[in-house]
Number of protein chains: 2
Amino acid sequence: MAEAATVRRSRITPEREAELYEAVLDLLREVGYDALTMDAVAARTKSSKATLYRQWGGKPQLVVKAIRATKPGGDFSDADTGTLRGDLHAHMEHTDDCQLEQNAALMRGLAMAVHHNPDLLREFREQLIEPEMAEFRRVLQRAVDRGEIREDCPALDYVVHMMIGAFVTRGLIEDQPPTQAFLLSYIDAVVLPAFGAPLS
Amino acid sequence: MAEAATVRRSRITPEREAELYEAVLDLLREVGYDALTMDAVAARTKSSKATLYRQWGGKPQLVVKAIRATKPGGDFSDADTGTLRGDLHAHMEHTDDCQLEQNAALMRGLAMAVHHNPDLLREFREQLIEPEMAEFRRVLQRAVDRGEIREDCPALDYVVHMMIGAFVTRGLIEDQPPTQAFLLSYIDAVVLPAFGAPLS
């Protein structure tokens, strides 16, 4: 709803918005966050810097919105498969290997930058991490309600650490991007056992 | 042993070596891997670039050796406490919060760089990741031998993903460096349950 309102207010079409986001993501992968300038975005997309600032407020907001636009639409917790394993697998199957590889590259490009850009870190957490955590919490609450996970299971606090950890360390350890097959295997080997949840 | 031989051959004293490594780590935290130059290391440590290249071979080797020098000496798998939980906790208690925070900063500085510097990635894996994995494997093998973990436990393949994941995601999610207390809690909540290992 907020997105739609913004688009209407500024008369930027969804196609134009998608084109701008694509340029931002290309620059982010090419040069990283710190070297990415609003000038470069403006030049590459033939927009005025004034428009970019009016529309997004600044570089952190523009970059995080561009990343958010790459996520599949909707709330993954809406798809209720009836088991925790089913819900987590369905979430992973929503994103193909090519997207996973691109997301891993984007995360690397941001990992260092968020630590010396407080505005970027705040946007990143509010727009990306917290909504993802909220979706996980709904999926996990259903599993608690079904009796698959104990309500006081200490691993409940660490689901995002487990998942993001697998995602970012895959490249460091195996020199391979995280694939769907890897993440499904990790869910079965680590996440479900940590919750004491059924493996089928 | 290899270290000692190198030091002897080049007549660099251990004190001088420590001083050089400290300068490399400072530069790494200040400017990151890509912007770190052998010229800057030479200038800051009043050495000649020729000496640096003769001694270490190149920037990837020098940087990875400098990071390795920050690790506590010895093999953590040597300390056999009699339980997996004891061994993993002992490993964590070896490194204080200040060192953990510095290590996290170094990992962030390298995370992006390793992906477009194949020489750095190779050094990083050979000198840091693989020795760490080998130590974990020895600790886990003892737990299998004691009957704490099943030999075919699928989480055995993922111990380093679990541990490094907790380490690197702590900053992204909670905006805090990984502390000893956090890592001990994560071991009890995630790692031991994933192995089906005793919690005491």
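Residues numbered from 1 in each chain as written. Chains lettered and ligands numbered in written order. Predicted model: local features only at pLDDT ≥ 70, side-chain atom pairs only at ≥ 80, totals over all residues. Heavy atoms only, no water.

Caption draft 1: Region of interest: the interface of chain B and chain A. Tallying the contact residues gives 36 residues for chain B and 36 residues for chain A. Summed over both sides, the interface between chain B and chain A buries roughly 3200 Å², with carbon and sulfur atoms accounting for 72% of that surface. Sorting the residues of chain B by area buried against chain A places His161(B), Leu172(B) and Ile173(B) first, and these three jointly supply 23% of that buried surface. In this assembly, chain B and chain A are joined by zero salt bridges. In this structure, the connection of chain B to chain A is made through two residue pairs in polar contact (both at pLDDT 80 or more). Where the side of chain B that touches chain A is concerned, the elements lending two or more residues are helix 7 (97-111), helix 8 (113-116), helix 9 (118-145), helix 10 (159-174) and helix 11 (180-195) of chain B. At twelve residues, the largest contribution of residues to the side of chain B that touches chain A is made by helix 10 of chain B. The residue inventory of the side of chain B that touches chain A, partitioned by class, reads 23 nonpolar, eight polar and five charged. (Contact = heavy atoms within 4.5 Å. Buried area = accessible area lost by both parts, 1.4 Å probe. Salt bridge = Lys/Arg side-chain N within 4 Å of Asp/Glu carboxyl O. Polar contact = N/O pair within 3.5 Å; in protein donor to acceptor, adjacent residues only side chain to side chain. Helix = DSSP H or I, 4+ residues; strand = E, 2+ residues; numbered from the N terminus. Nonpolar A, V, L, I, M, F, W, Y, C, P; charged D, E, K, R; others polar.)

Caption draft 2: Structural detail: the domain arrangement of chain A. Residues and elements named next belong to chain A. You can read the domains of chain A as domain 1 (2-67) and domain 2 (73-195). Computed over C-alpha atoms only, the centres of domain 1 and domain 2 are separated by 26 Å. The interface of domain 1 with domain 2 comprises eleven residues on the first partner and 14 residues on the second. For the pair domain 1 and domain 2, the two sides together bury roughly 1100 Å², of which 74% comes from carbon and sulfur. The three residues of domain 1 that bury the most area against domain 2 are Arg29, Tyr33 and Val64, which together make up 47% of that side's buried surface. Put simply, domain 1 and domain 2 have zero salt bridges between them. At the junction of domain 1 with domain 2, the criterion picks out one residue pair in polar contact (both at pLDDT 80 or more). If you list the elements that add at least two residues to the side of domain 1 that touches domain 2, you get helix 2 (14-31) and helix 5 (59-68). Here the side of domain 1 that touches domain 2 takes six residues from helix 5, the largest share from any one element. Of the residues that constitute the side of domain 1 that touches domain 2, the class distribution is seven nonpolar, one polar and three charged. (Domains from an automatic or database assignment.)

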